[in-house]
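Chains, contacts and geometry: an overview
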Amino acid sequence: MPQRKRYLFVCVNRRPDGTPKGSCAARGAEGLHARLKQLLKERGLAGTEVRACTSSCLDTCWAGPTIAVEPDNYFYGRVKETDLEEIVDGLARGERVERLVLSPSDFEMPRDIREREQAERKAKLG
Ligand code: FES
């Protein structure tokens, strides 16, 4: 198989239920990855243009499910299955789906999650 023009890294990290950050797998990322692969294959993009890979945590858990698009260097976030056809259409045209692209502020952990994590850490230390 040739090197593809783009690689999509779909975070499929899973954390235990109830953790403050949550995880992409708990939000359905494994199914998104499988459907994305299927759509890329159906559109004839999988072999030469785009490969959808799984990834461990991309450190934007609160905005997940998260997909990193490389080498373009942007992330999609809060992706739902109903967004995937639009994402694949965009890839076919070499365009981004702007409404799903994470902004710089999305890379900062929200304050409420940070505080809950700190509280959990303190409680564990006793
Ligand atoms: S669990 Fe997916 S970005 Fe962290």
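Source: prediction; values computed, not measured. (Residues numbered from 1 in each chain as written. Predicted model: local features only at pLDDT ≥ 70, side-chain atom pairs only at ≥ 80, totals over all residues. Heavy atoms only, no water.)

Concerning the environment of tyrosine 7
Inclusion rule: Per the convention used, a helix needs a DSSP run of H or I reaching at least four residues, while a strand needs a run of E reaching at least two, with both numbered from the N terminus. Only protein chains enter the accessibility calculation, which uses a 1.4 Å probe. A residue is then buried if its area is under 20% of the maximum for its type, exposed if over 50%, and partly exposed in between. N or O atoms closer than or at 3.5 Å make up a polar contact, with two conditions inside protein: a donor-capable atom paired with an acceptor-capable one, and, for residues adjacent in sequence, both atoms drawn from side chains.
With respect to the helices, strands and loops of the structure, tyrosine 7 is situated in strand E1 (residues 6-11). Residue classification places tyrosine 7 among the partly exposed residues on the basis of a relative accessible area of 22%. As a C-alpha pair, tyrosine 7 and glutamate 49 span 42 residues in sequence and 8.6 Å in three-dimensional space. Here the side chain of tyrosine 7 touches arginine 4 through a polar contact of 3.0 Å, landing on its backbone nitrogen.

Remarks on the pairing of strand E2 (residues 50-55)
Heads up, the condition is: For two strands to be treated as a pair, DSSP must find at least two bridges joining them. Look down the strands so they point away from you; if the path from the first strand over the helix to the second goes clockwise, the crossover is right-handed.
Taken together, the 6 bridges between E1 and E2 define a ladder with parallel strand orientation. Paired with leucine 8 across the bridge in E2 is alanine 52. Each parallel crossover has a hand, and the one from E1 via helix H1 (residues 29-42) to E2 is right-handed.

Description of unusual backbone geometry
The amide bond that connects glycine 64 to the next residue, proline 65, takes the cis arrangement and shows omega of 0 degrees. Mapped onto the elements of the fold, proline 65 is located in the loop between E2 and strand E3 (67-70). Positive phi values are uncommon outside glycine, yet arginine 78 reaches one of about 55 degrees. Summarising the element assignment, arginine 78 is placed in the loop between strand E4 (74-76) and helix H2 (84-93). For arginine 78, a relative accessible area of 40% gives the class partly exposed.

As for the sheet that holds E3
The following threshold applies: All axes here are fitted lines through C-alpha atoms, helices being fitted over the stretch that makes contact, and every angle between N-to-C directions spans 0 to 180 degrees. It only takes one pair of heavy atoms within 4.5 Å for two residues to be counted as in contact.
Read from one edge of the open sheet, 4 strands run E2-E1-E3-E4, paired in mixed fashion. Looking at the sheet topology across the chains shown, the edges are occupied by E2 and E4. Along the sheet, successive strands turn relative to each other by an average axial angle of 25 degrees, direction set aside. Seen against the sheet, H1 touches E1, E2 and E3 and runs at an angle of roughly 165 degrees to E2.

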